Amino acid sequence: MSFQIANAQVFKFETPKKNEGIQVRTLPNGNKISNWKKVIEKKSKRPTSNDLIADALFVDFGKIDLNSSKSITIKCIAGIESEDIELFYIGDTDLFSIDIGDDQNFWQTNDSTVFHQSPLEDISIKIRPKPIKKGTNQAYMAFRIDKRLVRIAMKSNVTEEVTFHQDTVSINLGLVEADSIGFTDYTFFDLQELPLNFEYSGDANAFQFMVDGDSILADSISQVIPNSDTLTLSIAPIADKLGDHYGAVKLGNNYLQQEITITSRVEKVRGEIFWADTNHLERNIEYLETTLYSPQDTLYAQLSLYNDSDYDTLFDISHYININADDWLDYSLPVTQMLPRSITMIQVPFYPNKTSNLDNDLNATIDILILKDSSTNTQKVNYKPVEKLREELKTNFPSSLTFTSKKDTLEIRIPYLNTGKNAVYPTVKTFMDEIELPSAIQVYYGTPRIKSWRKGYISIYMTPYDSINFHKEKTQTLKYKVYDEVVEADIHIKQKPLSAIIKDYTQEIILGIISVTLLILLIFSPKIYKYGKREYANYLIKANLKKDIFSINRTIGIIQDTSIQSALEQDLNKKKEELSNIT
């Protein structure tokens, strides 16, 4: 035994009110009679119920004019299962509109004639006559659910038909700039929901269109269907080419032919960016430098491109090239502001990767692939951290130094490059070899703290030994090997000229004369003698204290050990206090 599940969908019509002027009749068993279209108007009767299970429905809308808003509603009562329902239409589809659920003008606006009904959700179907063609109009439709049919015949008597205005519309979009483009809307009324053919002619790629907010292609004939009695055509210019542009749009059907002419003048465009030399793309790349001398250095590949635009353009070069380089060499691809209608030199920086070992010379090859034609520009670059230091050393290392006093202290500065990530106090003997030191000169080294990846200077301090006799001139040699470069200086030790010596000892000579004068006076006065003796003793103590203060200050400037410096500073303060207490 087999069971067949009966469909629960039932069509029912709503009885129009008497003042609406709509007559409703049914043809008994009309949903099964093959010649129902011929007999339904004559044989239909007053309905005994509003169900359309077996009976076909005949709707006479009566007289229709421009002010009429007649309609009849048919409801499809839902069952407990979903169902696909197919619609058939016979006759002039322009004469009646069918709204199914939320789909207005269903027959015209939908590609499919099938609509879906969900379980327990009723669907309202509204039929509306339109005053398009004067006289008596008839059409037929049927709904199919599985093998069942629900048939409806419609009739109207149009006494006044709509007049379609067919004026030619001219739209001038005026001066157009690429960065200030907007849509201009033009609305058509009284279209009676009729499909319209959209056809464009004129300059290609000059305008873009939307119909009721949906984009439409301009390079082919398209059909547009208004969602209501109106249609909004939106037009925007395309600013790709400078100059005047013309176009025309035709909207038409069996009742309406509407033409819209469009003009615009493009005065600013946003064009493409292309390589300056279009024949040999790899020649658009050149390097300002090919050698790096420190971890902080940067070299640049300079790329020549042309901005074919009337606007400043923020350009990302990464869309045009790919770069391949050795691991120790990093790079970045900049975003560059390009001026309009001009060539811009875009600089791509290359710099040492600071996670690499940068103590020694390095070599690298940079390959820049141009994506447009897959051509490649190749460049070899070098990293030489010592070369600039060696050049500076040869330029600045003195050829000779002269000492004329035991008080003289001279300094030579040696450049040093810290190629590591941590600050250091350089060890002199790691990069400097003492080949020859003068025996008359005492040598000290000052090694300051040098920050990571920075250049600093090592100081060589020199001062004569206390035992050196300056009355006898002598010449010795100071020689180092630094960065594999031998540098030397002649060290001259000689006495100052007599005039310079007299100038240096003017104070002592004057004090000597005063002392002799006082001595003579003391012979004649014991009080004067005692006073002079006391003052001379104070003078000697002050002179010794001043000499000690000078020596301590010079030693503090040379010594780098902070603990020794602290002890010397305490001794210095004590000497200064003793000096201030002497009256």
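Keep in mind that what you see is a predicted model, and the values were worked out from it rather than measured.

Enquirer: Give a detailed account of the overall build of the protein chain, specifying residues and quantitative values.
Expert: For the protein chain, the helix and strand inventory stands at seven helices and 37 strands. The C-alpha atoms of the protein chain give a radius of gyration of 53 Å, which is well past the 25 Å a tight globule of 583 residues would have. Reported as C-alpha extents along the three principal axes, the dimensions of the protein chain are approximately 170 × 65 × 60 Å. The buried share of the protein chain, taken over its 583 residues, is 38%. Taking all contacts inside the protein chain whose residues are at least 6 apart in sequence as the whole, residues at least 24 apart take part in 70%. For the protein chain, the exposed surface amounts to about 33600 Å²; the carbon and sulfur share of it is 48%. Considering the protein chain, the positive charge centre built from 65 side chains and the negative charge centre built from 78 side chains are found 7 Å apart.

Enquirer: Tell me about helix 1 (residues 36-43), and please be specific about residues and values.
Expert: Within helix 1, burial applies to Trp-36, Val-39 and Ile-40. For helix 1, the arc enclosing every buried residue in end-on projection is 120°, short of the 170-degree limit, so these residues lie on one face. With respect to the buried face of helix 1, the exposed residues turned more than 90 degrees away are Lys-38 and Lys-42. Buried-residue contacts for helix 1 involve strand 2 (23-27), strand 3 (56-64), strand 9 (135-145) and strand 10 (148-158).

Enquirer: Go over the environment of Lys-576, please, and point to the residues and values.
Expert: Tracing the sequence through the fold places Lys-576 in helix 7 (residues 562-581). Owing to a relative accessible area of 42%, Lys-576 belongs among the partly exposed residues under this scheme. With 157 residues separating them along the chain, Lys-576 and Thr-419 place their C-alpha atoms 44 Å apart.

Enquirer: So what's going on with the side chain of Gln-117? Which residues, and what values?
Expert: Its place among the elements puts Gln-117 in strand 7 (residues 114-117). In this structure the side chain of Gln-117 is engaged in a polar contact, spanning 3.1 Å, whose partner is the backbone oxygen of Glu-121.

Enquirer: So what about the sheet that holds strand 25 (residues 321-324)? Which residues, and what values?
Expert: Spatially, the four strands line up as an open sheet ordered 22-30-29-25, and their pairing is mixed. Each edge of the open sheet carries a strand with a single partner, namely strand 22 (291-292) and strand 25. Pairing between strand 22 and strand 30 (residues 376-383): two bridges, direction parallel. Along strand 30, the bridge assignment pairs Leu-292 with Tyr-383.

Enquirer: For the sheet that holds strand 14 (residues 207-211), give the residues involved together with the corresponding values.
Expert: Strands pair in a sheet through their backbones, by hydrogen bonds, and they do so in one of two ways: parallel or antiparallel. Strand order in this open sheet of four strands is 12-17-14-15, and the pairing throughout is antiparallel. Across the chains shown, the open sheet's two edge strands, defined by having one partner strand only, are strand 12 (184-188) and strand 15 (214-216). Here the strands of the sheet are splayed against their neighbours by 30° on average, with no regard to which way each runs. By the bridge criterion, five bridges tie strand 14 to strand 17 (residues 231-237) in an arrangement that is antiparallel.

Enquirer: Talk me through the pairing of strand 23 (residues 299-307); I want residue IDs and the actual numbers.
Expert: Judged by how many residues are buried, strand 23 sits mostly within the fold: seven of nine residues are covered. Of the pairings in the sheet, the one linking strand 20 (residues 273-275) to strand 23 comprises three bridges and is antiparallel in character. Within the sheet, the bridge partner assigned to Phe-274 lies in strand 23 and is Tyr-306. Where strand 21 (residues 285-287) and strand 23 come together, three bridges link them in antiparallel fashion. Looking across to strand 23, one finds that Glu-286 is bridged to Gln-302. Both strand 23 and strand 28 (residues 342-352) contribute to a ladder of nine bridges, which runs antiparallel. Bridged to Leu-299 within strand 28 is Phe-350.

Enquirer: Tell me about helix 3 (residues 387-396), and name the residues and values.
Expert: For the α-helix, the turn length of 3.6 residues means that residues three or four positions removed from each other point alike. Where helix 3 is concerned, the buried positions are Leu-389, Glu-392 and Leu-393. Angularly, the buried residues of helix 3 cover 100° about the axis, an arc narrow enough to put them on a single face. Set apart from the buried face of helix 3 by more than 90 degrees, the exposed residues are Lys-394 and Thr-395. Of the surrounding elements, those touching the buried residues of helix 3 are strand 32 (410-417), strand 35 (455-464), strand 36 (474-482) and strand 37 (485-493).

Enquirer: An account of the pattern of salt bridges is needed here, citing residue identities and associated values.
Expert: In this structure the tally under the stated criterion is 12 salt bridges. Across the pair Lys-455 and Glu-392 runs a salt bridge, and its minimum N-O distance is 2.9 Å. In this pair, Lys-455 is assigned in strand 35 and Glu-392 in helix 3, connecting sequence segments 63 residues apart. Here Lys-455 falls in the partly exposed class, since its relative accessible area comes to 44%. Of the charged contacts, one joins Lys-479 and Glu-488 as a salt bridge, the two residues approaching to 3.9 Å between their closest N and O atoms. The class for Glu-488 is partly exposed, based on a relative accessible area of 41%. Put simply, Asp-99, Arg-128 and Glu-193 are held in one network by salt bridges that share partners.

Enquirer: Could you give me a rundown of the packing of aromatic side chains, with the residues and numbers involved?
Expert: According to the stated counting rule, one finds 18 aromatic pairs in the structure shown. Connected via pairs of aromatic rings, a cluster forms that spans Phe-11, Phe-106, Phe-115 and Phe-143. Positioned above the aromatic ring of Tyr-457, the side-chain terminus of Arg-413 is 4.2 Å from the ring centre.

Enquirer: Explain unusual backbone geometry to me, using residue names and the numbers behind them.
Expert: The backbone of Asn-205 sits at a positive phi, close to 55°, despite the residue not being glycine. The residue Asn-205 is located in the loop between strand 13 (196-202) and strand 14 in this model. Using a relative accessible area of 62% as the deciding quantity, one classes Asn-205 as exposed. Positive phi outside glycine occurs at Arg-341, with the angle close to 50°. Its place among the elements puts Arg-341 in the loop between strand 27 (335-338) and strand 28.

Enquirer: I'd like to hear about the nonpolar core, residue by residue, with values.
Expert: If you look at the biggest cluster of nonpolar residues, it comprises 32 residues, and the most contacted ones within it are Phe-11, Phe-61, Ile-125, Met-141, Phe-143, Ile-152 and Met-154. Of all the elements in the fold, those that place two or more residues in this core are strand 1 (10-13), strand 3, strand 4 (72-77), strand 5 (83-91), strand 6 (96-100), strand 8 (123-129), strand 9 and strand 10. With near-sequence residues (within four places) excluded, Phe-143 lies in contact with Phe-11, Ile-85, Glu-86, Leu-87, Phe-115, Ile-125, Arg-148, Leu-149, Val-150 and Ile-152. If you look at the next biggest cluster of nonpolar residues, it comprises 29 residues, including Ile-412, Met-432, Val-487 and Ala-489.

Enquirer: Summarise a positive patch on the surface; cite the residues concerned and give the values.
Expert: Among the surface-exposed residues, Lys-354, Arg-449, Lys-451 and Arg-454 lie close enough to one another that they form a single positively charged patch. The residue Arg-449 is located in the loop between strand 34 (441-446) and strand 35 in this model. Given the relative accessible area of 53%, Arg-449 is considered exposed.

Conventions and cut-offs
Residues numbered from 1 in each chain as written. Predicted model: local features only at pLDDT ≥ 70, side-chain atom pairs only at ≥ 80, totals over all residues. Heavy atoms only, no water. Helix = DSSP H or I, 4+ residues; strand = E, 2+ residues; numbered from the N terminus. Rg over C-alpha atoms; globule rule 2.2 N^0.38 Å. Buried < 20%, exposed > 50% of the residue type's maximum accessible area, 1.4 Å probe, protein only. Contact = heavy atoms within 4.5 Å. Areas by Shrake-Rupley, 256 points an atom, 1.4 Å probe, with all protein chains shown as cover. Lys, Arg positive; Asp, Glu negative; His and termini not counted. Charge placed at Lys NZ, Arg CZ, Asp CG, Glu CD. Arc of directions from axis to C-beta. Polar contact = N/O pair within 3.5 Å; in protein donor to acceptor, adjacent residues only side chain to side chain. Pairing = 2+ DSSP bridges. Axes fitted to C-alpha atoms, helices over the stretch in contact; angles between N-to-C directions. Salt bridge = Lys/Arg side-chain N within 4 Å of Asp/Glu carboxyl O. Phe/Tyr/Trp six-rings, centres within 6.5 Å; stacked < 30°, edge-to-face > 60°. Lys NZ or Arg CZ within 6 Å of the ring centre and 35° of its normal. Core = buried A, V, L, I, M, F, W, Y, C linked by side-chain atoms within 4.5 Å. Patch = residues over 30% accessible without salt bridge, like charges linked within 9 Å, V, L, I, M, F, W, Y side chains within 5 Å.

None of the figures reported here should be taken as evidence of function without further support.
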